[in-house]
Amino acid sequence: MRADIWLALASAACFALSTVAQHRAAVEHADEGTGTSPLRLVVRLARSPLWLVGLVAAVAALLLQALALSKGALVVVQPILLLGLLLALPLSDALARRMPGRGEVLAALAVLVGLALFIVAADPDRGVPVARQGHLLVTAGGWTALALLAALLGETVLRGRKALLLGLSGGALIGVSSALLKQVVGLFGRGPLDALLDPAFAGVVLTGVAGLIATQAGYAAGHLSASQPAHSIAEPAVAAAIGATAFAEHLATGALPLLGQVAGALLMVAGVIAIAAVVPDLHDDPHDGSRGRPERTGRPGAERGVA
């Protein structure tokens, strides 16, 4: 197996640990964060040992992701990070002393099969290691503006979909940050100063921090199933879009490869959405495994606390 895939898988495992630890910490501090800004919520969470464990895991994931991006394409590395969501499920179940349900297993298999089908059918090239600065900044800036708009709508006129929109915003911002990280990694080949002084480095920090704040606010705003699937879909989609446009990561063409790519992408999206429909309600008491699977009601989404 290629080095970029191994590194991306290791990064996904660290992201899974980070997701579970930080979400549980956010849920435990949700009442404290009621009525406060997302930034103040993050400051409060920073006092939680569990959240800090998640932060360390996130840093390790980021370093592994940077190594993976130095050896492979965004359109390959970022979808593999979707596996972090799948790994987060058994971790969450284990902490809550639950057995994974059949629906979770089938949804996870759909994501795995879809991911494998997409990567094999796409057969992308690595593109260029360093994108043209102006092209990259315009592309990244456009996606950043859309991500911030989603967060603003979630905080104002669409508060009933706050967790969903913040998850979408956080995922898109992390996707932008990942694309800019690839640029920084590529510039390191020319010299550390070239990388650190490039606007892309500041962009990695700013979009990464903004993505972290939006993600944590999404965790606290509702069930993990309301924010994490949107985050998991938006992150690789935005990163792959920037990879295709700014880094010239071309995918295989032709009827059969395109059919495989579309089928793989649809399977991944369907699997992630299905996971949202079957995961336990993590707003229940995290120490009470008996409350892990809420009773179904007649209205779709009602049992998950989704408006």
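Residues numbered from 1 in each chain as written. Predicted model: local features only at pLDDT ≥ 70, side-chain atom pairs only at ≥ 80, totals over all residues. Heavy atoms only, no water.

The name given to the chain in an unreviewed UniProt entry is Magnesium transporter NIPA, with the source organism recorded as Quadrisphaera setariae.

Draft legend 1. Structural detail: the side chain of His 231. Counting through the fold element by element, His 231 comes out in helix H11 (residues 224-246). Judged by relative accessible area, His 231 falls into the buried class, the value being 10%. Polar side-chain contacts of His 231 include one of 3.4 Å to the side chain of Thr 215. For His 231, the contacting residues outside a window of four places in its chain are Gly 167, Leu 168, Gly 170, Gly 171, Ile 174 and Thr 215. (Helix = DSSP H or I, 4+ residues; strand = E, 2+ residues; numbered from the N terminus. Buried < 20%, exposed > 50% of the residue type's maximum accessible area, 1.4 Å probe, protein only. Polar contact = N/O pair within 3.5 Å; in protein donor to acceptor, adjacent residues only side chain to side chain. Contact = heavy atoms within 4.5 Å.)

Draft legend 2. Representation of the UniProt feature "transmembrane region" (unreviewed entry) in the chain in the model. The UniProt record marks residues 49-69, 105-122, 134-154, 163-181, 201-221 and 258-279 with the feature "transmembrane region" (unreviewed entry), using the residue numbering of this structure. The span residues 163-181 is 100% helix and 0% strand, and its two end C-alpha atoms sit 26 Å from each other. (UniProt positions renumbered as here; feature names shortened; annotations may be inferred.)

Draft legend 3. Structural view of helix H8 (residues 162-188). For H8, with 27 residues, the first-to-last C-alpha span of 38 Å sits near the 39 Å given by 1.5 Å per residue. Along H8, 23 of the 27 residues are buried, which leaves the element largely enclosed by surrounding structure. (Expected span 1.5 Å × (residues − 1).)

Draft legend 4. Focus on the environment of Ala 107. Among the secondary structure elements, Ala 107 is positioned in helix H6 (residues 102-122). In this structure, the C-alpha to C-alpha distance between Ala 107 and Leu 267, residues 160 residues apart in sequence, is 9.2 Å. Excluding its chain neighbours within four sequence positions, the residues that come into contact with Ala 107 are Gly 271, Ala 274 and Ile 275.

Draft legend 5. Region of the structure containing the nonpolar core. Ile 80, Leu 136, Leu 180, Ile 242, Phe 247 and Ile 275 are the most contacted members of the largest nonpolar core, which has 51 residues in total. Of all the elements, H8 adds the most residues to this core, at eight residues. Residues in contact with Leu 180, not counting those within four places in the same chain, are Leu 136, Ala 140, Ala 200, Gly 203, Val 204 and Thr 207. Listed in part, the nine residues of the second largest apolar core include Ala 26, Leu 41, Trp 51 and Tyr 219. (Core = buried A, V, L, I, M, F, W, Y, C linked by side-chain atoms within 4.5 Å.)

Draft legend 6. Geometry of the packing of aromatic side chains. Applying the stated criterion across every chain yields a total of zero aromatic pairs. Directly above the aromatic system of Phe 247 lies the positively charged group of Lys 182, at a separation of 5.8 Å from the ring centroid. (Phe/Tyr/Trp six-rings, centres within 6.5 Å; stacked < 30°, edge-to-face > 60°. Lys NZ or Arg CZ within 6 Å of the ring centre and 35° of its normal.)

Draft legend 7. Representation of the packing of helix H7 (residues 133-155) against H8 in the model. The N-to-C vectors of H7 and H8 enclose an angle of 160 degrees; their axes lie 8 Å apart at closest approach. With respect to each other, H7 and H8 are oriented roughly antiparallel. Handedness of the H7/H8 crossing: left-handed. In this structure, H7 uses Leu 136, Ala 140, Trp 143, Thr 144, Ala 147, Leu 148, Ala 150, Ala 151, Leu 153, Gly 154 and Glu 155 to contact H8, whose residues at the interface are Lys 162, Leu 165, Leu 166, Ser 169, Ala 172, Leu 173, Val 176, Leu 180 and Gln 183. Of the residues belonging to the contact of H7 with H8, the class tally is 14 nonpolar, four polar and two charged. (Axes fitted to C-alpha atoms, helices over the stretch in contact; angles between N-to-C directions. Parallel < 35°, antiparallel > 145°, perpendicular 65-115°, else oblique. Left-handed = near helix turned anticlockwise from the far one by under 90°. Nonpolar A, V, L, I, M, F, W, Y, C, P; charged D, E, K, R; others polar.)

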